[in-house]
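Structural description and commentary
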Amino acid sequence: MLTISDFSEMCYLSPQTLRYYHSEGLLVPADVDPQTGYRSYTFDQVEQAMLITALRGTGMSVKLVRRALDEPGEAPTLLQEHADEVAAQRQLQDEAISDARMLVGSRPEARLRHVPEATVVSRLVTVESVPDRYDWTAAEATLGAAVDDLVATVQACGAVVSGTPWRGWTRGTEEQRQGADGPPWLVTVPVEADAKALAALPDDVVVQTFEAREELSIFLPGKSSMAKFATAMSRLTTYPLDAAYVDFSRMRQVLHDDGVETAMAVREVEDADLVG
């Protein structure tokens with residue numbers, strides 16, 4: 001038999017941890033002196049302690065480790081499920097670190113630019129609404145899939161994607177609004193295509209000319225969120241413009257691989273605007 005001190009040194013587990021594992025039913029001592037409460041362990045329990053240490057080292061909870069010990073046949077599945085969760089969490093952390101580096105390294109700034117005329121194709125997409133809130137995560141997934149599908153459709157018809165896709169809110173038609181479960185969006189892709197390719201597009205894809213315009217935009221790294229959208233709006237609306245203003249009705253979100261660029265058309269203030 002091994003005393004708790006000897007077992008602790010052998011297994012690199014503190015006596016406090018061993019007592020905790022005992023209380024949680026993970027590693028029950030082979031013997032507990034009823035008079036002194038001293039715990040004793042056998043050499044056979046060293047292997048169990050090693051397994052517990054390995055599983056706990058992965059970040060598995062005590063509850064999950066106990067289940068893996070109680071159901072050895074399920075242990076590989078439980079470990080894989082935990083590994084998948086860790087990988088997903090690690091990806092989120094990596095994305096957050098990347099965002100933080102970009103935001104700390106250089107504060108995002110709004111910029112003016114000229115956007116040339118282009119032929120574009122658009123498709124209406126409805127994002128299902130959630131009571132009392134806007135689900136940004138669900139919206140990102142739905143709109144991202146819609147953009148990918150539109151790009152694939154364009155290419156299947158023989159057209160070439162000639163620029164970065166974007167999305168934007170739209171009122172849609174009365175019929176579309178009545179049948180929608182949430183706010184309608186337009187996903188748009190710039191293309192280069194001949195008449196044959198354009199004619200091959202499905203009926204729900206609309207071909208338009210995106211008119212050249214002056215635009216004020218700001219890029220924020222990473223996935224879209226309410227905070228990022230609010231930040232973009234605040235920076236764009238407070239940008240000093242000379243005899244001009246940003247047109248909220250002509251806003252779009254350009255979808256780069258590493259973030260979202262919120263852009264709004266800039267319109268000059270004309271005498272008629274000032275009078276009427």
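Residues numbered from 1 in each chain as written. Predicted model: local features only at pLDDT ≥ 70, side-chain atom pairs only at ≥ 80, totals over all residues. Heavy atoms only, no water.

Now for unusual backbone geometry. The backbone of Y12 shows a phi angle near 55°, a positive value even though the residue is not glycine. In this structure, A243 takes a positive phi of about 55° despite not being glycine. You can see A243 is positioned in the loop between helix 9 (226–237) and strand 11 (244–256). Judged by its relative accessible area of 48%, A243 is partly exposed. (Helix = DSSP H or I, 4+ residues; strand = E, 2+ residues; numbered from the N terminus. Buried < 20%, exposed > 50% of the residue type's maximum accessible area, 1.4 Å probe, protein only.)

As a further point, take the environment of W185. Tracing the backbone shows W185 in strand 8 (residues 184–192). The class for W185 is buried, based on a relative accessible area of 1%. Each C-alpha atom of the pair W185 and V65 lies 46 Å from the other, and the pair is 120 residues apart in sequence.

As a further point, take the sheet that holds strand 1 (residues 2–3). Across a sheet, strands are paired by hydrogen bonds formed along the backbone, either parallel or antiparallel in direction. Ordered by their spatial adjacency, three strands build an open sheet running 1-3-2, and the pairing between neighbours is antiparallel. Only two strands of the sheet have a single partner each, and these edge strands are strand 1 and strand 2 (31–32). Two strands pair when backbone bridges link them, and strand 1 and strand 3 (residues 39–41) are joined in this way by two bridges, in the antiparallel orientation. Residue pairing across strands places L2 opposite Y41, the latter belonging to strand 3. (Pairing = 2+ DSSP bridges.)

Here we take up the packing of aromatic side chains. All chains considered together, the criterion is met by five aromatic pairs. Centre to centre, the rings of F7 and Y41 are 4.2 Å apart; their planes meet at 10°, and the pair counts as stacked. Here the residue F7 occupies a position in helix 1 (residues 4–11), and Y41 occupies one in strand 3, the gap between them amounting to 34 residues. Both residues of the pair, F7 and Y41, belong to the buried class. An aromatic cluster is defined as three or more aromatic residues linked by ring pairs; in this entry it consists of W169, W185 and F229. Looking at R252, its charged tip hangs above the ring of W166, at a distance of 4.3 Å from the centre. (Phe/Tyr/Trp six-rings, centres within 6.5 Å; stacked < 30°, edge-to-face > 60°. Lys NZ or Arg CZ within 6 Å of the ring centre and 35° of its normal.)

Next up on the list: the side chain of E215. Locating E215 in the fold gives a position in strand 10 (residues 213–221). Given the relative accessible area of 0%, E215 is considered buried. At 2.6 Å, the side chain of E215 and the side chain of R213 are in polar contact. Of note is the side chain of E215, whose polar atom sits 2.8 Å from the side chain of R252. (Polar contact = N/O pair within 3.5 Å; in protein donor to acceptor, adjacent residues only side chain to side chain.)

This part is about the confidence of the model for the protein chain. Here the protein chain averages 88 in pLDDT, while 91% of its residues score no lower than 70. By mean pLDDT, the top-scoring element of the protein chain is strand 6 (residues 160–161) (96), and the lowest-scoring one is helix 10 (residues 271–275) (45). Counting contacts from residues 175–180, a segment whose pLDDT is below 50, to residues more than four positions away or on other chains yields four contacts. (pLDDT = per-residue confidence, 0-100. Contact = heavy atoms within 4.5 Å.)

The buried count for strand 10 comes to seven of nine residues, which makes it a mostly enclosed element. Across five bridges, the pairing between strand 4 (residues 111–115) and strand 10 is antiparallel. The residue of strand 10 that forms the bridge with H114 is E214.

In this model, helix 9 (twelve residues) spans 16 Å end to end at C-alpha, consistent with the 16 Å of a helix rising 1.5 Å per residue. Turning to helix 9, its buried residues are K228, F229, A232, M233, R235 and L236. The arc that holds the buried residues of helix 9, viewed along the axis, is 170°, so those residues lie on one side. The inward-facing, buried residues of helix 9 contact helix 5 (75–105), helix 6 (136–156), strand 7 (166–169), strand 10, strand 11 and strand 12 (259–268). (Expected span 1.5 Å × (residues − 1). Arc of directions from axis to C-beta.)

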